[in-house]
Every structure is written in C-alpha cells, then in structure tokens.
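What follows is the residue order along each chain.
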Amino acid sequence: MVVLDKPNLQLGSKTMDGNQHKEANVLLLGAENVGKSALTVRFLTKRFIGEYGDIESIYSHIDKTDGREIALNIWDSLYPQSCETTESISDKQLQWADGVILVYSICDRSSFEVVRQQVQLIRRTRKLSASTPIIIVGNKRDLLHQRAVSSEEGRLFALSADCGFFEISAAETYHGVLLVFHEILDLIKESKALKKGMVGIKGIVRSVSAVFGKKRE
Ligand code: GDP
Ligand code: MG
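Every value quoted in this text rests on a predicted model; they were computed, and no experiment measured them. (Residues numbered from 1 in each chain as written. Chains lettered and ligands numbered in written order. Predicted model: local features only at pLDDT ≥ 70, side-chain atom pairs only at ≥ 80, totals over all residues. Heavy atoms only, no water.)

Chemist: Would you mind showing me how to read the site of ligand 1 here?
Modeler: In the vicinity of ligand 1 there are 19 residues, among which Asn33, Lys36, Ala38, Gly50 and Asp142 approach most closely. Measuring from an oxygen atom of ligand 1, one finds a backbone N or O atom of Val34 at 3.2 Å. Between ligand 1 and Gly50, the relevant distance is 2.4 Å, taken from an oxygen atom to a main-chain nitrogen or oxygen of the residue. Across the complex, the protein chains shield 86% of the 580 Å² of accessible surface that ligand 1 would expose by itself. Under a 2 Å grid-point criterion requiring more than half of the atoms, the pocket assigned to ligand 1 is the largest pocket. Of the residues contributing to the shell around ligand 1, the split by class is 8 nonpolar, 6 polar and 5 charged. (Near = heavy atom within 4 Å. Polar contact = N/O pair within 3.5 Å; in protein donor to acceptor, adjacent residues only side chain to side chain. Areas by Shrake-Rupley, 256 points an atom, 1.4 Å probe, with all protein chains shown as cover. 1 Å grid on protein atoms, 1.4 Å probe; cavity = no way out; pocket = protein on both sides within 12 Å on 5 of 7 lines; lining within 4 Å. Sits in = over half its atoms within 2 Å of the grid points. Nonpolar A, V, L, I, M, F, W, Y, C, P; charged D, E, K, R; others polar.)

Have a look at this one:
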C-alpha cells in the first residue's frame, strides 16, 4: 500500500513486469466524523484503530478480485471547516473520481443532510458523468440506541437519487466495508465498459459521417 499525503493526480502503477495496472479512483465524501477514514483504513488493513486524525490522503492499493489485479486509489477527503456544502467538493475531486462513496453516520442527522446536499450538488453541476457510480453508506450501525436516521429513509433517498446503499459498522466488522468497496469496483468496471462502448459508437458515427461527407463534396 502506498500513502500519498498530498493528493497527486498523476497516479499510476506498474506491476513487477512493468505492465500498467487497470486503475480505479474512488473518492470518499461526507461530513466530518462520520467514519470516512475508519472505512478506508478498515478496507486497507482489516483493522479498526479508533482515532484517525484529520488527515487527507490518497491511498494506493492493488486489489485482487476474480484473479485480476486492479490499482485502486482511495481519496479519503476532509470536509472543509466552516464552508457551505456547495463548496465542499472541488472540481479536481470530481474530475479525478471514477466512483464516489458518500458516508453519513446513522446517529447524526446533520451528516445525512450533508450527504443529501452533496448528491444534489453532484447531480446538478453535472461535473461527474451520469454513469459514474455513487454509493451512499450509513455508518456506525453498532450505535443502534443512538440512531437518528432510519434505514428506510437512507435506502429511499439512495433509490430516488439512483445511488447504491449500504448500512454498515466500520467499528464492528470488516465484511460490510469489503462489500461496499467491491460493489463500487464492480460498478466502476461496468461504467468504464459503457463509456468505452460509447466511444466505439461515436467512432462509427464519425466514420459514417466522413464517408457521407466525402460523397457530398
Ligand atoms: P472522518 O472524519 O469521517 O474521517 O471520521 P473518522 O474515521 O475519523 O471517525 C470519526 C470517529 O468515529 C472516530 O472516533 C472513530 O473511531 C468513530 N467511528 C468510525 N466508524 C465508527 C463505527 O462504525 N462505529 C462507531 N461506534 N464509531 C465509529
Ligand atoms: Mg478522516
């Protein structure tokens, strides 16, 4: 695993034999204190260490699923202090991301509102392609007695916004966190295949227009 303290957008990775890996960039968003770093560290190390500090990092990790290697870059973001939600996501982050995980805490209603606003912001500004997958995660499921957002509300909002949805506890289990990351990877693969297909279709349209264009000359 490689940790880059300063988000570096020129990330690339090579295998031992020099071949380029397939890459997937995953951006974690959401209010502060909801467990973005806990989720990231749990996925990368299988451990829950309790305190993470306010650090923004991009972690690079080679994931092996279905026997295939993929270089997974995870941008564990910081929610900027004292700012409007409309300014909480940078263009740079959206240009970088192949998939987004939006995290809230089920015990903190205001963090759910932040996720709602961030989804609306992403959809409204259209700075993320419509096929780029978004998954909403309600974290801290272990603190059921402090629940402030019901599972139904979370699920319904995700459904209405065309996002995936999971409720997990990064503190209690590794399994839920693994499911979230594997789902986003699968969705990213699908979305990249779709985009490739679109490029293919555009190529055919261009060639056809070129032929017809020449005939008309
Ligand atoms: P971030 O600001 O979103 O990166 O949040 P952190 O990952 O730093 O976590 C904030 C606090 O919530 C820390 O004290 C974590 O130990 C705690 N935390 C994170 N995930 C969970 C969880 O699933 N359950 C509980 N009970 N606490 C959690
Ligand atoms: Mg953090």
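From this point, the discussion proceeds with the structure in view.
Chemist: Help me understand the confidence of the model for the chain, please; the structure alone is not making it clear to me.
Modeler: A low pLDDT score tells you not to read the predicted coordinates there in detail. Averaged over every residue, the pLDDT of the chain is 87; the share at 70 or more is 81%. The low-confidence segment residues 8–17, where pLDDT is below 50, has 21 contacts with residues more than four positions distant or belonging to other chains. (pLDDT = per-residue confidence, 0-100. Contact = heavy atoms within 4.5 Å.)

Chemist: Just to check I follow, could you spell out a positive patch on the surface for this structure?
Modeler: A surface patch of like charges, here positive, comprises Lys22, Arg68, Lys189 and Lys196. You can see Lys189 is positioned in helix H5 (residues 175–216). Overall, the relative accessible area of 35% leaves Lys189 in the partly exposed class. (Patch = residues over 30% accessible without salt bridge, like charges linked within 9 Å, V, L, I, M, F, W, Y side chains within 5 Å. Salt bridge = Lys/Arg side-chain N within 4 Å of Asp/Glu carboxyl O. Lys, Arg positive; Asp, Glu negative; His and termini not counted. Charge placed at Lys NZ, Arg CZ, Asp CG, Glu CD. Helix = DSSP H or I, 4+ residues; strand = E, 2+ residues; numbered from the N terminus. Buried < 20%, exposed > 50% of the residue type's maximum accessible area, 1.4 Å probe, protein only.)

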